[in-house]
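Given next are the chains, with one letter for each unit.
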Amino acid sequence: MRTSYSALNTYKTCPLKYKYQEIDKIRTPKGVEAVFGSVIHESLKYMFTSNPLFPTLDETINFFNNKWNFRLNDLNLTDAEQDKHYNVGIEILKNFYKKNQPWNFNVVDLESRFEIALEDEKTKEKHILAGIIDRIDKHADGAYEIIDYKTGRVPSQREIDKSLQMTVYALAATDPGVLGHDAEEVILSFYFLKEQQKVSTTRSKEQLTEAKQALIAKAKDMQSSDFAPKV
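This write-up is about the structure you can find in this document. (Residues numbered from 1 in each chain as written. Predicted model: local features only at pLDDT ≥ 70, side-chain atom pairs only at ≥ 80, totals over all residues. Heavy atoms only, no water.)

### Some thoughts on the overall build of the protein chain
In step 1: Along its length, the protein chain carries 8 helices and 6 strands.
In step 2: For the protein chain, the α and β elements follow one another from N to C terminus as β-α-α-α-α-α-β-β-β-α-α-β-β-α.
In step 3: A globule of 231 residues ought to have a C-alpha radius of gyration of about 17 Å, and the protein chain, at 19 Å, matches this closely.
In step 4: Principal-axis analysis of the C-alpha atoms places the extent of the protein chain at approximately 55 × 45 × 30 Å.
In step 5: Counting only residues that meet the buried cut, the protein chain has 41% of its 231 residues in that class.
In step 6: Within the protein chain, contacts between residues separated by at least 24 positions form 66% of all contacts whose residues are at least 6 apart in sequence. (Helix = DSSP H or I, 4+ residues; strand = E, 2+ residues; numbered from the N terminus. Rg over C-alpha atoms; globule rule 2.2 N^0.38 Å. Buried < 20%, exposed > 50% of the residue type's maximum accessible area, 1.4 Å probe, protein only. Contact = heavy atoms within 4.5 Å.)

See below:
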């Protein structure tokens, strides 16, 4: 079985929604928040790409302008709604650039795609867990930091410590076929863009071992599910 954090989260929300979306491949138009988030992510990837110099703030804002105006064709927004999201985007980029000038970071990868195999020890069946990591930095002390950008609310530290998304990223970071780093070397960070706040967590080897077994059990459950809806 092949899955991802996004698919797992959809199944948790509603098994029938998961079936429609991941099995039947019924696509629905993206809402404004999803489109806005995508454009912000693209702009931040551009900001950290040197060719050979890093983009200036004005160049980053111009990139956002072009992407946002192009994606407006996919949305049915009033002028007021367009202006609201545009202004929030500009504010995010200005504040982020001020605090995170790209030449001050050792970014080793952007939009890093990964696939890891989780093998059921009893049946030897393999489940593929795939995903994309927004950004990976390497610190001066040799530690690696996985950074995921968020445009939503800031949750509690407890929620982040239990985040399945960060657990999946930690599994990717420690998998020999992906990054192959020790769990102790990996910092897991959510960067909440509207508040300009970064919140970090870690995972131990023991937590990752438990997570693998839980994910394999969840994959088996999804394969045998009757996809009853959650109303």
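What follows picks up the thread again.
### Observations regarding helix 7 (residues 164-174)
In step 1: By the criterion of burial, helix 7 is predominantly enclosed, with 9 of the 11 residues buried.
In step 2: Buried within helix 7 we find Q165, M166, T167, V168, Y169, A170, L171, A172 and A173.
In step 3: The backbone nitrogen of Q165 lies 3.3 Å from a side-chain oxygen of the residue at the head of helix 7, namely S163. (Polar contact = N/O pair within 3.5 Å; in protein donor to acceptor, adjacent residues only side chain to side chain.)

### So, helix 8 (residues 205-223)
In step 1: In a regular helix each residue adds 1.5 Å, so 19 residues correspond to 27 Å; helix 8 covers 27 Å between its end C-alpha atoms and thus fits that length.
In step 2: Where helix 8 is concerned, the buried positions are L208, A211, L215, I216, A219 and M222. Burial along helix 8 is one-sided: seen end-on, the buried residues are contained in an arc of 135°. Along helix 8, exposed side chains directed more than 90 degrees from the buried face belong to E206 and E210.
In step 3: Looking at the buried side of helix 8, the elements it contacts are strand 1 (2-4), helix 1 (5-13), helix 2 (15-23), strand 2 (107-119), strand 3 (126-138) and helix 7. (Expected span 1.5 Å × (residues − 1). Arc of directions from axis to C-beta.)

### Side note on the packing of aromatic side chains
In step 1: In the structure shown here, the tally under the stated rule is 13 aromatic pairs.
In step 2: With centroids separated by 4.4 Å and ring planes inclined at 5°, the aromatic side chains of Y46 and F63 adopt a geometry described as stacked. In this pair, Y46 sits in helix 3 (residues 32-47) while F63 sits in helix 4 (residues 57-71), placing the two residues 17 residues apart along the sequence.
In step 3: Looking at Y46, the relative accessible area reads 28%, which means it is partly exposed. (Phe/Tyr/Trp six-rings, centres within 6.5 Å; stacked < 30°, edge-to-face > 60°.)

### Re the pattern of salt bridges
In step 1: Going through the model one piece at a time under the given rule, you end up with 10 salt bridges.
In step 2: A salt bridge links D74 to R71; its shortest N-O distance comes to 3.3 Å.
In step 3: In this structure, K150 and D148 form a salt bridge, with 3.3 Å as the shortest nitrogen-oxygen distance.
In step 4: With relative accessibility at 4%, the residue D148 sits in the buried group.
In step 5: Within this structure, E42, K67, R71 and D74 form a network of salt bridges that share partners. (Salt bridge = Lys/Arg side-chain N within 4 Å of Asp/Glu carboxyl O.)

### What about the side chain of S112?
In step 1: Here S112 shows up in strand 2.
In step 2: In contact with S112, not counting residues within four places along its chain, are G131, I132, I133 and I136.

### Re a negative patch on the surface
In step 1: A contiguous patch of negative charge, built from D182, E184, E185, E206 and E210, is present on the exposed surface.
In step 2: Residue position: E206 is located in helix 8. (Patch = residues over 30% accessible without salt bridge, like charges linked within 9 Å, V, L, I, M, F, W, Y side chains within 5 Å. Areas by Shrake-Rupley, 256 points an atom, 1.4 Å probe, with all protein chains shown as cover. Lys, Arg positive; Asp, Glu negative; His and termini not counted. Charge placed at Lys NZ, Arg CZ, Asp CG, Glu CD.)

### Some details on the nonpolar core
In step 1: In this structure, L129, I146, Y169 and L188 are the most contacted members of the largest nonpolar core, which totals 31 residues.
In step 2: Listing elements by their share of this core, those giving two or more residues are helix 1, strand 2, strand 3, strand 4 (144-150), helix 7, strand 5 (186-192) and helix 8.
In step 3: Counting residues in hydrophobic clusters, the runner-up holds 23 residues, among them V39, Y97, Y149 and Y191. (Core = buried A, V, L, I, M, F, W, Y, C linked by side-chain atoms within 4.5 Å.)

### What to know about the pairing of strand 6 (residues 197-201)
In step 1: As defined by bridge partners, strand 5 adjoins strand 6 across 5 bridges and the pair is classed as antiparallel. Bridged to F192 within strand 6 is Q197.
In step 2: Hairpin remark: strand 5 followed by strand 6, antiparallel, with 4 residues in the connecting loop; positive phi at Q196, about 50°. (Pairing = 2+ DSSP bridges.)

### Focus: the side chain of H127
In step 1: Note on placement: H127 falls in strand 3.
In step 2: Once residues within four sequence positions are removed from consideration, H127 is found in contact with M1, I116, A117, L118, I216, A219, K220 and Q223.

### Regarding the packing of helix 4 against helix 5 (residues 79-99)
In step 1: Where helix 4 meets helix 5, the closest approach of the two axes is 10 Å, and the angle between their N-to-C directions is 155°. As summarised for this structure, helix 4 and helix 5 are arranged roughly antiparallel, according to the angle between their axes. By crossing handedness, the relation of helix 4 to helix 5 is classed as right-handed. Contacts from L57, T60, I61, F64, N65 and W68 of helix 4 reach helix 5 at Q82, H85, Y86, G89, I90, L93, K94 and Y97. (Axes fitted to C-alpha atoms, helices over the stretch in contact; angles between N-to-C directions. Parallel < 35°, antiparallel > 145°, perpendicular 65-115°, else oblique. Left-handed = near helix turned anticlockwise from the far one by under 90°.)

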